[in-house]
Amino acid sequence: MTDRDPLPRTGDDMDLPEGKTCADCVHCGRCTAMFGHIPADESCDWSPSRFTPKRVEQSDSSRRYHVIVVRDSTGEKTYMTRTPVTHHEGCVLLSKITDYPWRRKLLEEVANG
């Protein structure tokens, strides 16, 4: 591929957020490989822009959790994870568990030790 200048913002719904480039988006690898974008582009080929910021790990990434379900009538806990997961992974797992009025879905922090 030939070198080119980055695509600038154009003032429409395809612009990336102010101060952001393709390199800041989770889709950068795919778009640069398939659609000829470069990481310095400030405009998206999708309308509206599908810019999704890359996740930045927080300093408390050492914290781990179990996903649990608590039956309200008995207080019985059921662990849905065998090994502890990060907060983000736990939230994703919680979103995939069906909601029922008779139980609660929770993240339980695992003590470091």
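Everything below is about the structure shown above.
A brief look at the structure comes next. In this numbering scheme, every chain counts its residues from 1 along its sequence in written order. Given that this is a predicted model, residues contribute local features only at a pLDDT of at least 70 and side-chain atom pairs are listed and counted only at 80 or more, while totals for whole chains, interfaces and linings are drawn from all residues. Only hydrogens and water are set aside; all other atoms, that is, all heavy atoms of the structure, feed into the side-chain values.

Here we take up the packing of aromatic side chains. Only centres within 6.5 Å qualify two rings of Phe, Tyr or Trp (six-membered ring in Trp) as a pair; their planes then separate them into stacked at under 30 degrees, edge-to-face at over 60, and tilted for everything else. Scanning all chains against the criterion turns up two aromatic pairs. With a centroid separation of 6.1 Å and an interplanar angle of 90°, the aromatic rings of Phe35 and Trp46 are classed as edge-to-face. Here the residue Phe35 occupies a position in the loop between helix 1 (28-34) and strand 1 (65-71), and Trp46 occupies one in the loop between helix 1 and strand 1, the gap between them amounting to eleven residues. Note on classification: 1.4 Å probe, protein chains only; a residue is buried when its accessible area is under 20% of the maximum for its type, exposed when over 50%, partly exposed between these limits. For Phe35, a relative accessible area of 38% corresponds to the partly exposed category. Runs of E in the DSSP output that reach at least two residues are strands. Runs of H or I that reach at least four are helices, and both are numbered from the N terminus.

This next bit is on the pattern of salt bridges. Opposite charge on two side chains permits pairing when their charged atoms draw close. The term salt bridge refers to a pairing of a side-chain nitrogen on Lys or Arg with a carboxyl oxygen on Asp or Glu at a separation within 4 Å. Summed over all chains, the structure comprises six salt bridges. The closest approach of N and O atoms between Arg104 and Asp72, which form a salt bridge, is 2.9 Å. Taken together, the positions of Arg104 in strand 3 (residues 103-109) and Asp72 in the loop between strand 1 and strand 2 (77-79) put the pair 32 residues apart, joining distant regions of the chain. Measuring nitrogen to oxygen at the nearest pair gives 2.5 Å for the salt bridge that ties Lys77 to Glu108. With Lys77 in strand 2 and Glu108 in strand 3, the pair connects residues that are 31 residues apart, well separated along the chain. The exposure class of Lys77 is partly exposed, given its relative accessible area of 40%. What makes Glu108 partly exposed here is its relative accessible area of 23%.

Here the focus is the pairing of strand 1. A large share of strand 1 lies buried, amounting to six of its seven residues. Pairing between two strands requires that DSSP report at least two bridges joining them. Here strand 1 runs beside strand 3; their pairing, made up of seven bridges, is antiparallel. Paired with Arg71 across the two strands is Arg103, which belongs to strand 3. Pairing analysis gives three bridges linking strand 1 to strand 2, with the strands arranged antiparallel. Bridge pairing in strand 2 places Val70 opposite Lys77. Where strand 1 hands over to strand 2, the hairpin turn is made up of five residues, of which Gly75 adopts a positive phi near 80°.

Don't take any of this as a statement about function, it's just geometry.
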